[in-house]
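Below, each chain spelled out in residue letters.
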Amino acid sequence: MLDAAPRLSVVIPAYNEGKRLRATLERVLEWTGQWGGTFEVLVVDDGSRDDTSAIAGEFASNHEHFALHRLSRNRGKGAAVREGFVRSRGEFVLFSDADLSTPIEEYERLQEIVDGGADFVIASRGLPGSDLVIRQVWYREWMGKTFNGFVRLLTGIPFRDTQCGFKLIRGQPARDVARFMKEEGFAFDVELILLANRKGLRIQELPVSWSNDDASRVNPVTDSLRMLASLARIVARTGRYRD
Ligand code: UDP
Ligand code: MG
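All values reported here derive from a predicted model rather than from experimental measurement.

(A) Representation of the packing of helix α1 (residues 21–35) against helix α2 (residues 52–62). Running from amino to carboxyl end, α1 crosses α2 at an angle of 25 degrees, the nearest separation of the two axes being 10 Å. Judged by the angle between their axes, α1 and α2 are roughly parallel. The two elements α1 and α2 meet at a crossing, and its hand is right-handed. When α1 is examined against α2, the residues Leu21, Arg22, Leu25, Glu26 and Leu29 are found in contact with a partner set consisting of Thr52, Ile55, Ala56, Glu58 and Phe59. Taken together, the residues of the contact of α1 with α2 break down into six nonpolar, one polar and three charged.

Below, the structure written as structure tokens:
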């Protein structure tokens, strides 16, 4: 028989994360013990070529409430997060980058905002209260700000950082909007925010602590171009922020 739905599903998209995934899963496990709520952790291996699946699979077989899902080929972070949403059963769904650039403890601050009435909380590196402990190299920071400028201009989204890999959303709406998520690459967060807004969800941006990890899967040239193309498709398909 299936367990009752957990309070929280943690979705971790993972592409070639062999080097840092084990430490991440250990950290998340330790934190769940301190936190004390019911949970499931879903690692979605996005067609990795390294030992990501072996590590996550072994961890899942040794630890209750940890599971591995695999995409047969590398499709992008958006596809991996969407898969995690579809598979999730939690009352709330958090997705977090595998490098824990935003420490998992920050979840509790996001949850407080949801408990205060929000449906979707996006962690942000772009607000006055954001604590950038280790910053990205200048050109990645510049790319991030430039992308955010295009996002605000073209979509009307008011947020300062749509791309931070740490977001909390109520479970049922996450599973509902997942059916409409088409963008599979790094710009999927923009589409997710627009879909959530169209569905009438209350979205709030919250400054968090964030530490860069240099082992990046982002190619500054090709991924920037892909993200702009993706943004154009999102605007054409989804329209503007309506709040
Ligand atoms: N990721 C993924 N599929 C990809 C590329 C990245 O699932 O094709 C995941 C990656 O494993 C990580 C997250 O997306 O969990 C963010 O990637 P990364 O840390 O490289 O991005 P950055 O911090 O440089 O923006
Ligand atoms: Mg990272």
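(B) Representation of the packing of aromatic side chains in the model. Enumeration over the complete set of coordinates arrives at nine aromatic pairs. Ring centres of Phe85 and Phe95 lie 6.0 Å apart, and the angle between their planes is 55 degrees; on these two criteria the pair is classed as tilted. Of this pair, Phe85 sits in helix α3 (residues 77–87) while Phe95 sits in strand β4 (residues 92–96), and the two are ten residues apart along the sequence. With a relative accessible area of 0%, Phe85 lands in the buried category. On the numbers, 5.9 Å between centres and 85 degrees between planes, the contact of Phe159 with Tyr241 is edge-to-face. With Phe159 in the loop between α5 (138–155) and β7 (166–170) and Tyr241 in the segment after α8 (222–238), this residue pair connects regions lying 82 residues apart in the sequence. A single burial state applies to Phe159 and to Tyr241, both of which are buried. Through a chain of ring-to-ring contacts, the aromatic side chains of Trp31, Trp35 and Tyr107 assemble into a single cluster. Sitting over the ring of Trp210, Arg125 keeps its end group 4.9 Å from the ring centre.

(C) Up close: the sheet that holds strand β3 (residues 66–71). Judged by pairing direction, the sheet is mixed, and its seven strands sit side by side in the order β3-β2-β1-β4-β7-β5-β8 without closing on themselves. At either end of the open sheet lies a strand with only one pairing partner, and these are β3 and β8 (203–207). Along the sheet, successive strands turn relative to each other by an average axial angle of 20 degrees, direction set aside. In terms of strand pairing, strand β5 (residues 120–124) meets β8 through five bridges, oriented parallel. Across the sheet, the residue bridging to Phe120 is Ile203, located in β8. This element, α2, spans β1 (8–14), β2 (39–46) and β3 of the sheet and lies at about 150 degrees to β3. Lying over the sheet, helix α4 (residues 107–115) contacts β1, β4, β5, β7 and β8, oriented at roughly 35 degrees with respect to β7.

(D) How the structure looks around empty space enclosed by the protein. One pass over the structure, following the stated rule, counts one cavity of 30 Å³ or more. In this structure, the largest cavity occupies an estimated 40 Å³ of space. Lining the largest cavity are Ser96, Asp97, Asp99, Leu100, Ser101, Thr102, Gly165, Phe166 and Trp210.

Rules used in this analysis
- Residues numbered from 1 in each chain as written.
- Chains lettered and ligands numbered in written order.
- Predicted model: local features only at pLDDT ≥ 70, side-chain atom pairs only at ≥ 80, totals over all residues.
- Heavy atoms only, no water.
- Axes fitted to C-alpha atoms, helices over the stretch in contact; angles between N-to-C directions.
- Helix = DSSP H or I, 4+ residues; strand = E, 2+ residues; numbered from the N terminus.
- Parallel < 35°, antiparallel > 145°, perpendicular 65-115°, else oblique.
- Left-handed = near helix turned anticlockwise from the far one by under 90°.
- Contact = heavy atoms within 4.5 Å.
- Nonpolar A, V, L, I, M, F, W, Y, C, P; charged D, E, K, R; others polar.
- Phe/Tyr/Trp six-rings, centres within 6.5 Å; stacked < 30°, edge-to-face > 60°.
- Buried < 20%, exposed > 50% of the residue type's maximum accessible area, 1.4 Å probe, protein only.
- Lys NZ or Arg CZ within 6 Å of the ring centre and 35° of its normal.
- Pairing = 2+ DSSP bridges.
- 1 Å grid on protein atoms, 1.4 Å probe; cavity = no way out; pocket = protein on both sides within 12 Å on 5 of 7 lines; lining within 4 Å.
- Points joined across faces, edges and corners; volume = space filled by probe spheres on them.

Treat this as a map of the structure, not an account of what it does.
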